[in-house]
Amino acid sequence: MIPSLIAAVLSSLAVTVTNPLPESRQDVPVVISIPSSAGEVRSITVPEMPDVPYQLDDMNADGIPDELVLLLDMKPSETRRFKVRFSAKEADTDLTPGTYAYIRLNDKNKKYPKISSITYPGDVDNRQMYSSIYGHGAVLEGLYNAIRVYMDNRQSIDLYAKNHPRLELDSTGFYTTRKQLDQGYGRDILWAGTSVAMGSFRGWNGSRPVTIDTVTTRGQRVVTTGPLRSVIEVQDKGWIYNGTPIDMTQRYTIYKGHRDYDVEIILKGAPKGAVFATGIQKIMNNNKGFITPQGLAGSWGDNLPDKNMPEVTDTLGLGISVCEPYLAKTLEDDVNYLTLLTPDTKGKIRYTITAAALRDETSPRSSKEWFAYLKKWRRGLDAPVKVTVAKTTRVTVAKTTRKR
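In this text, all values refer to a predicted model and were calculated from it rather than measured experimentally.

About the criteria used
- Residues numbered from 1 in each chain as written.
- Predicted model: local features only at pLDDT ≥ 70, side-chain atom pairs only at ≥ 80, totals over all residues.
- Heavy atoms only, no water.
- Helix = DSSP H or I, 4+ residues; strand = E, 2+ residues; numbered from the N terminus.
- Rg over C-alpha atoms; globule rule 2.2 N^0.38 Å.
- Buried < 20%, exposed > 50% of the residue type's maximum accessible area, 1.4 Å probe, protein only.
- Contact = heavy atoms within 4.5 Å.
- Expected span 1.5 Å × (residues − 1).
- Pairing = 2+ DSSP bridges.
- Axes fitted to C-alpha atoms, helices over the stretch in contact; angles between N-to-C directions.
- pLDDT = per-residue confidence, 0-100.
- Salt bridge = Lys/Arg side-chain N within 4 Å of Asp/Glu carboxyl O.
- Polar contact = N/O pair within 3.5 Å; in protein donor to acceptor, adjacent residues only side chain to side chain.

**Quick word on the overall build of the chain**
Phase 1: Looking only at helices and strands, one finds four helices and 27 strands in the chain.
Phase 2: Computed over C-alpha atoms, the radius of gyration of the chain comes to 23 Å, within 12% of the 22 Å expected from 2.2 N^0.38 for 404 residues, which places it in the range of a compact globule.
Phase 3: Classification of the 404 residues of the chain by burial places 51% in the buried group.
Phase 4: By sequence separation, contacts in the chain at least 24 residues apart represent 68% of the contacts at least 6 residues apart.

So this is what it looks like as structure tokens:
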């Protein structure tokens, strides 16, 4: 007789989420890694919260979901315990989209086909790369705003603000017409010039930020686009930085209900003590702003982003938060509030960027309100919800068979 086959299969995860703040929080992202022992996962159930919105994401493009995203509303100082049960059945959820990401190609027929990723040899002219993408780079959209990351050596982050919370970049593509403006659509509101714009990642030469110039290859990828979370990546391989080749991935994430974007920089080969830079620009006209030694900066002012529409100006605010262990120093120059950055022991740097605009009906309405909003925002970033996960397994016993 052949003995029974015994296998341990992951049945569910026991999850505990704690809000450490004495205030309520909405649309709190809870991101859970899916263990490989869970087998084929196409949907989940949460018995304690049967209607909780969720999203399954394949982050490494191997065709298998490896992260689960939940969005929770939490009461002050609340601790919530629940189980996540995995299933191989197709999900029957139909969520209203709250985020969106895309890359589109420029083409002579003006169809602008969507692609999932693109890579260029490092010796391709920056202007050719920049012009080959419709919108000049990958686009990441939330309900309140959107960003695009330029496909060139600057990799600057540009900002689109909306009048009303909704997804609309499929209609405007960052190029809002006068007719669309009259219909209530938002538009590109930032003129970056030579600045770091809205949290663009840079090198540092000891006195000023520098762009990502000499590389082996550079590219962009839509990691995931979904109703609760969308993620894009910018990849530079063989970046010669202060004489050392570095492989770099920049990852930008937006969650439904958020106006801020999480930024994660992954550096392979960066020498110990390497310093990089980011920050936010001082707004073109009537700028008011601040930067603290703790890595919080904000700016507010008026901008003329489109010289073809000189009669349309925008008032906007920018914000950035960089915390330890990534923060090395803060400073400012003529056009920027700058934060200098150092990678952690795993070669990673993290920071968060955000924005406001008067055209946004949900936005703070003045520099005073915006700066107060940023300080409260920073308190939330300094006290993230605590998530703990425990595995639960079940034992599967295969039927025994007899020899004949």
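**Some points on helix H4 (residues 367-382)**
Phase 1: An ideal rise of 1.5 Å per residue puts 22 Å on 16 residues; H4 measures up with 22 Å between its terminal C-alpha atoms.
Phase 2: Buried positions along H4 lie against strand E2 (25-33), strand E19 (260-268), strand E21 (285-291), strand E22 (296-303), strand E23 (314-321) and strand E26 (348-357).

**Concerning the sheet that holds strand E5 (residues 67-74)**
Phase 1: Read across the open sheet, the three strands follow the order E2-E5-E4; overall the sheet is antiparallel. Among the strands making up the open sheet, the edge pair consists of E2 and strand E4 (54-57). Sheet twist, expressed as the mean angle between neighbouring strand axes with direction ignored, is 25°.
Phase 2: Sheet topology places E2 next to E5; seven bridges connect them, and they run antiparallel. Note that in E5 the partner of isoleucine 32 across the bridge is leucine 68.

**Regarding the confidence of the model for the chain**
Phase 1: Of all residues in the chain, 95% attain a pLDDT of 70 or more, and the chain-wide mean is 93.
Phase 2: pLDDT under 50 marks residues 1-8. Its contacts with residues more than four places away, or in other chains, come to 18 contacts.
Phase 3: Confidence over residues 395-404 falls short of pLDDT 50; this stretch has 17 contacts with residues more than four positions distant or in other chains.

**A word on the pairing of E26**
Phase 1: Among the 10 residues that make up E26, eight are buried, leaving the element largely enclosed by the rest of the structure.
Phase 2: Where E19 and E26 come together, seven bridges link them in antiparallel fashion. Residue pairing for E26: tyrosine 261 is matched across the bridge by isoleucine 353.
Phase 3: Both E23 and E26 contribute to a ladder of six bridges, which runs antiparallel. Residue pairing for E26: isoleucine 320 is matched across the bridge by isoleucine 353.

**Quick notes on the pattern of salt bridges**
Phase 1: Counting across every chain of the model gives 24 salt bridges.
Phase 2: Residue aspartate 125 pairs with arginine 127 through a salt bridge whose shortest N-O separation is 3.1 Å.
Phase 3: The partner of aspartate 314 in a salt bridge is arginine 359, and the shortest N-O contact between them spans 2.7 Å. You can see aspartate 314 sitting in strand E23 and its partner arginine 359 sitting in the loop between E26 and H4, a full 45 residues away along the chain.
Phase 4: According to the relative accessible area criterion, aspartate 314 is buried, its value standing at 3%.
Phase 5: In this structure, a network of salt bridges that share partners links the residues Glu40, Arg42 and Glu90.

**Observations concerning the sheet that holds strand E10 (residues 133-141)**
Phase 1: The strand order across the open sheet formed by six strands is E8-E7-E10-E11-E12-E13, and the pairing between neighbours is antiparallel. Since the sheet does not close on itself, it has two edges, and those belong to strand E8 (114-115) and strand E13 (187-188), each with one partner.
Phase 2: With two bridges joining them, strand E12 (residues 157-161) and E13 adopt antiparallel strand pairing. Bridge assignment links alanine 161 to a residue of E13, and that residue is arginine 187.

**Description of the environment of alanine 270**
Phase 1: Mapped onto the fold, alanine 270 is located in the loop between E19 and strand E20 (276-281).
Phase 2: Note: C-alpha distance between alanine 270 and phenylalanine 86 (184 residues apart in sequence) is 39 Å.

**Here we look at the side chain of asparagine 145**
Phase 1: Tracing the backbone through its elements, the reader meets asparagine 145 in strand E11 (residues 145-150).
Phase 2: Side-chain polar atoms of asparagine 145 contact the backbone oxygen of arginine 259, separated by 3.3 Å.
Phase 3: A polar contact of 2.6 Å, which involves the side chain of asparagine 145, links it to the side chain of tyrosine 261.
Phase 4: Other than its neighbours up to four places away in sequence, asparagine 145 contacts Leu159, Tyr160, Ala161, Lys162, Arg259, Tyr261 and Ala355.

**Topic: the pairing of strand E16 (residues 217-225)**
In summary, the side chains of a regular strand alternate between the two faces of the sheet.
Phase 1: Of all nine residues in E16, seven are buried, a share of seventy percent or more.
Phase 2: Looking at chain direction, strand E9 (residues 117-121) and E16 are connected through five bridges and run antiparallel. When the bridges of E16 are listed, serine 117 appears paired with arginine 221.
Phase 3: Pairing geometry for E16 and strand E17 (residues 229-241), over eight bridges, is antiparallel. Each residue of the ladder has a partner; that of threonine 224, found in E17, is valine 231.
Phase 4: Counting the residues between successive antiparallel strands, the hairpin from E16 to E17 contains three residues.

**Considering the environment of arginine 359**
Phase 1: As for arginine 359 and threonine 313, which are separated by 46 residues in sequence, their C-alpha atoms are 10 Å apart.
Phase 2: Excluding anything up to four places from it in sequence, arginine 359 contacts Ala161, Lys162, Asn163, Leu181, Tyr185, Gly186, Arg187, Ile189, Val312 and Asp314.
Phase 3: One polar contact links arginine 359 to asparagine 163, side chain to side chain, over a distance of 3.0 Å.
Phase 4: A polar atom in the side chain of arginine 359 sits 2.7 Å from the side chain of aspartate 314.

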